[in-house]
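Each chain, written out:
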Amino acid sequence: MDDYAGRVLADRYRLPLPPSDEYELVETRAFDTYSGQEVLVRQVPLPEVVDAEVLDADGLPTAARRAGGRTVRRSTDPAVRRAIEAAQAAAQVPDHPRLDQVFDVFAEAGSLWIVSELVAARPLAALLAERPLNPYRAAEIGSDVLTALRVLHAHGWTHRNITVRTVLICDDGRVVLTGLAAGAAEEALCGYVPVPRADDDGEDGYGAPAVESGPTGPYAPPAVEAGETGPQGLPAGTGPYGLPGAGPDGYDPYRPPVVEPERADPYDRPDVPASRGPGAIEAGTGGGPAQPYGAGELESVRRPSPPVPPATVPVPAAEAGSAQARAARAGAIAAYRAGARAAEPETVLGAFLRALGTADSAIPDSLDERAALYRSTLDGRRILVLLDNAHDAAQIRPLLPGTAGCAALVTSRVRMVDLAGAHLVDLDVMSPEEALQLFTRIVGEERINSEREAALDVVAACGFLPLAIRIAASRLAARRTWTVSVLAAKLADERRRLDELQAGDLAVKATFELGYGQLEPPQARAFRLLGLADGPDISLAAAAALLNLETHAAEDLLEALVDTSLLESAAPGRYRYHDLVRLYARSCAERDEELPEERELALSRLLDFYLATAAGVYALERPGDRTVDHLEPSRYPGLTFKDRPRALDWLYAEADCLLACVLQSLGPRALRRAVDLLMTVKDLAESGANARRYETAALALRDAAMSTGDARAEGRARTTLTQVYSTAGRFEQADSEAHRAMELGIAANDPWTSGNAPNERGILAIYRNQHAEGEAYLQKAIAAFRADGNKPGEASALCNLSRIHLALFRTDSAVDLAEQGIEIYDRLGLALRLANGRYALGLALAKANRLAEALEQLTQALGIFHENRQPLWEGVTHFRLAEVHLTAGRHTMSAAHAEQAIALRGIGGEWRRGTVLTVLGKALVQLEQPDRARACWAEALAIYEQLGSIEAGEVRGLLSPATAA
């Protein structure tokens, strides 16, 4: 109370010292002695005389008298009463997080006083004085302001005083509008009629606030005595604020006007003057309060571009009772709620000129003349024009100020590259850190700190989109019983995610609807179908297949979607959706596609395109391999490549999209093609980079084939899964899959599985030291490959059999078998498979103690693996080179190759890592680094013991004291 020792208003609001007697609008803190809370009080000075305000019975102006020092809540002075009632009506707009709530209005000592909650905030002007806003914060503030405007528009209000002083930045980061009641009172004093009428159906009508909004609770307007008039000087009726309802003859003066056929503008009627149309603002006549904002104040003009809510129609008090004026007002509100189409520049310029004080009779008819008058009117002023959600450059060119001291801020989904002199700023999504910071600021640190991982899941589900994050955070902040994990679980369901991202007037889906609604039919179809494809992005060629279009036609559509910001160009020839936009596109596909089969056909074409292209890459890498002859036919063509490097570039660039397409194609009609696609991209698994996702796809295909009883698809899926497990060193799982695959291959009479499944079991037998069984499997594989005429398959089995003979100490036959395999590879020109042959021959030569020849073969194999982007095979070849160098006594070279093998990993996963560490330890001992050697062996022993490998015994011996001595 010590801070509030000034005057007392209305016997309850104590002001601080010194009192303010300025004529300008004053905002000050005050202490409410009734509630014991701090409040905010705004002062609107009442004029000495207000001309042309209210006409008496004879049609003559009545002078308004200045209010005295007493407190007045129901004045007999028409001007004062109208100002009070206008402010009271504004106070009745239901409370909203983006609006400052007023709860008391009264006149005292020549001023109108408006009391509201004290929001912990500061004006935007103060924030701008400290530092410029970054694009993300500016976008947040702009979004909050537009949200607040939508609340007002839903109740027929127009807020004409949006400045850096009336936009408040709350301490929690939210943005609220203030000054609505003060602005309504000022308009009433200036001769406008700012009070809209509620809808007759009451659906969105404004009434008493639904919740207590201030220290004294909801504001109750004073009763209107018999014979008194309502806010517009009309006889008090049954409607809100004394406004009349439907007349006794059933005619409702507030009903929207009937639009005549062929007439686009409901206000283009002979009985409604143009000055009464939406957005018409008439200058007050006579003495009125001066403009409370200085010439240097930053002004903004509200939303002149699509979709444009028409402004509430300002009607002078003398004509407030006319049916035409009331109908025009109701029509404006109805037009807004029905969704206005893109505003014509002529219409917007007319509204701008009226807002800037130009008399209606002085506004020219043509666009060019209006634009010229608009620019000359702005000359000498400092105005920022906000053109929100602009349709295109042609729409806004006439609306640009073009004068010094003025600027235009244009928001649009369209990239206006044809707008000369414009500085384009793309607003991307937030970084994870920024997103979490925004989420925390709204929800509160205490709740987030206890569930940080769940909070990260929430912002990730929001796609790091600021609007989505704010909606999710607002929902959580409003539900104190929810944990962050509850919200994360709700957003985890992609089918419901867009529905969950909605809070009050904020909805992520609504923002996408605006852009989608502006698309031409071919663009809308492309938008819908592109959203069906999984994967991080899509290439132009793949999109053309999905859309069943020629490449150039598909590119035109995709670039048009990029221009509308519904699609992003990730790189030349590649496109992607934001995660939430993709979900919206899919919902549109389900809702708007006339034939549901079109969605299935689109994805089928995409699968065919990927399969045909991947088959071509496989054939280019493995000439003569019969795998491509056993694939399901593709009805849609793929790409062709002239050389292997370009083919491999495509394969690895499309890795994520290929595997995503496989996972999308588990239905009975697509299953076999999906399995075949996975077979043809096996290099992705062997490269190591995509092994985890490849395994996921293989498991999904296996399970889908089992559920449909497709033995052929299941056998092939299990064979590919065997290769994944073998590469990872999970030999038991790999052998189990290969065993079942062999049975299915025979049952389905599938030559591909009949050859590849036993070949994989033979490889596994080498790792598991089951050499006799391995020899039998490989003999079956060789026979199956020969029966199929598959020479590359036969060469692979021969090289694998060479390693079995090597383990059985049949060195000469091991060398001979490897050379047979190499001869086939050489004849067919199979570079990558030739590396496998040289690898096998190098092992056989090393066992035969032909070390120089072994090093030559292994070094050649290493180069081929590197050229073909096979880091796992590079790693295992480095390991073999380390073994040979160790045998030859080149310990430094041995250690160097072993360390390279550890860095690159290798076929066999952790088991292979254990073998490399063992060899590295042996080389380090010879280099007199026993401590490092023992560390390597200790790590290798831990790996072997965990896997249950027989190699653990050897390493225990290396670690024993006797060995160390």
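Heads up: the structure comes first, above all this text.
Residues numbered from 1 in each chain as written. Predicted model: local features only at pLDDT ≥ 70, side-chain atom pairs only at ≥ 80, totals over all residues. Heavy atoms only, no water.

Caption draft 1: Examining the overall build of the protein chain more closely. Of regular secondary structure, the protein chain possesses 39 helices and 16 strands. A burial count over the protein chain gives 53% of its 965 residues as buried. Restricting the contact set of the protein chain to residue pairs at least 6 apart, pairs at least 24 apart contribute 65%. Approximately 41600 Å² of the protein chain is accessible, and the part contributed by carbon and sulfur atoms is 52%. (Helix = DSSP H or I, 4+ residues; strand = E, 2+ residues; numbered from the N terminus. Buried < 20%, exposed > 50% of the residue type's maximum accessible area, 1.4 Å probe, protein only. Contact = heavy atoms within 4.5 Å. Areas by Shrake-Rupley, 256 points an atom, 1.4 Å probe, with all protein chains shown as cover.)

Caption draft 2: Molecular detail of a negative patch on the surface. A cluster of acidic residues, Glu 555, Asp 556, Glu 559 and Asp 563, forms a negative patch at the surface. Looking at where Asp 556 falls in the secondary structure, it is placed in helix H18 (residues 551-563). Overall, Asp 556 belongs to the exposed group, its relative accessible area being 54%. (Patch = residues over 30% accessible without salt bridge, like charges linked within 9 Å, V, L, I, M, F, W, Y side chains within 5 Å. Salt bridge = Lys/Arg side-chain N within 4 Å of Asp/Glu carboxyl O. Lys, Arg positive; Asp, Glu negative; His and termini not counted. Charge placed at Lys NZ, Arg CZ, Asp CG, Glu CD.)

Caption draft 3: The arrangement of helix H26 (residues 711-727) in detail. The end-to-end C-alpha distance of H26 is 24 Å, a good match for the 24 Å that 17 residues give at a rise of 1.5 Å each. Here H26 lies mainly inside the structure; 15 of its 17 residues are buried. Where H26 starts, the residue carrying a side-chain oxygen 3.3 Å from the main-chain nitrogen of Arg 712 turns out to be Asp 710. Count one or two residues on from H26 and you reach Gly 729, which has phi positive near 80°. (Expected span 1.5 Å × (residues − 1). Polar contact = N/O pair within 3.5 Å; in protein donor to acceptor, adjacent residues only side chain to side chain.)

Caption draft 4: Up close: unusual backbone geometry. In this model, Phe 464 sits at a positive phi of 60°, which is unusual for a non-glycine residue. Its place among the elements puts Phe 464 in the loop between helix H11 (452-461) and helix H12 (466-478). Positive phi values are uncommon outside glycine, yet Asn 849 reaches one of about 65°. Mapped onto the secondary structure, Asn 849 falls in the loop between helix H32 (831-847) and helix H33 (851-867).

Caption draft 5: Structural view of the pairing of strand S8 (residues 167-170). Residues Val 167 and Ile 169 point to one face of S8 and Leu 168 and Cys 170 to the other, with burial holding for every one of them. The pairing of strand S7 (residues 121-123) with S8 spans 3 bridges and is antiparallel. Residue Ala 121 lies in a different strand from S8, and its bridge partner there is Cys 170. Two strands pair when backbone bridges link them, and S8 and strand S9 (residues 175-177) are joined in this way by 3 bridges, in the antiparallel orientation. Residue pairing for S9: Val 167 is matched across the bridge by Leu 177. (Pairing = 2+ DSSP bridges.)

Caption draft 6: Examining the sheet that holds strand S14 (residues 538-539) more closely. Taken in spatial order, the 3 strands of this open sheet run S14-S16-S15, and their pairing is antiparallel. On the outer flanks of this sheet lie S14 and strand S15 (568-571), each paired with one strand and no other. Sheet analysis places S14 next to strand S16 (residues 574-576), joined by 2 bridges and oriented antiparallel. Residue pairing for S16: Ser 539 is matched across the bridge by Arg 574. Sitting on the sheet, H18 touches S15 and S16, and the angle it makes with S16 is about 45°. (Axes fitted to C-alpha atoms, helices over the stretch in contact; angles between N-to-C directions.)

Caption draft 7: Examining the packing of helix H36 (residues 909-926) against helix H37 (residues 930-947) more closely. In the contact formed by H36 and H37, the axes pass within 8 Å of each other and the chain directions differ by 155°. Comparing the axis directions of H36 and H37 gives the class roughly antiparallel. For the element pair H36 and H37, the recorded crossing hand is left-handed. For the pair H36 and H37, the contacting residues are Glu 910, Trp 911, Arg 913, Gly 914, Thr 915, Leu 917, Thr 918, Leu 920, Gly 921, Lys 922, Leu 924 and Val 925 in the first and Arg 932, Ala 933, Cys 936, Trp 937, Glu 939, Ala 940, Ile 943, Tyr 944 and Leu 947 in the second. In terms of residue class, the contact of H36 with H37 is built from 12 nonpolar, 4 polar and 5 charged. (Parallel < 35°, antiparallel > 145°, perpendicular 65-115°, else oblique. Left-handed = near helix turned anticlockwise from the far one by under 90°. Nonpolar A, V, L, I, M, F, W, Y, C, P; charged D, E, K, R; others polar.)

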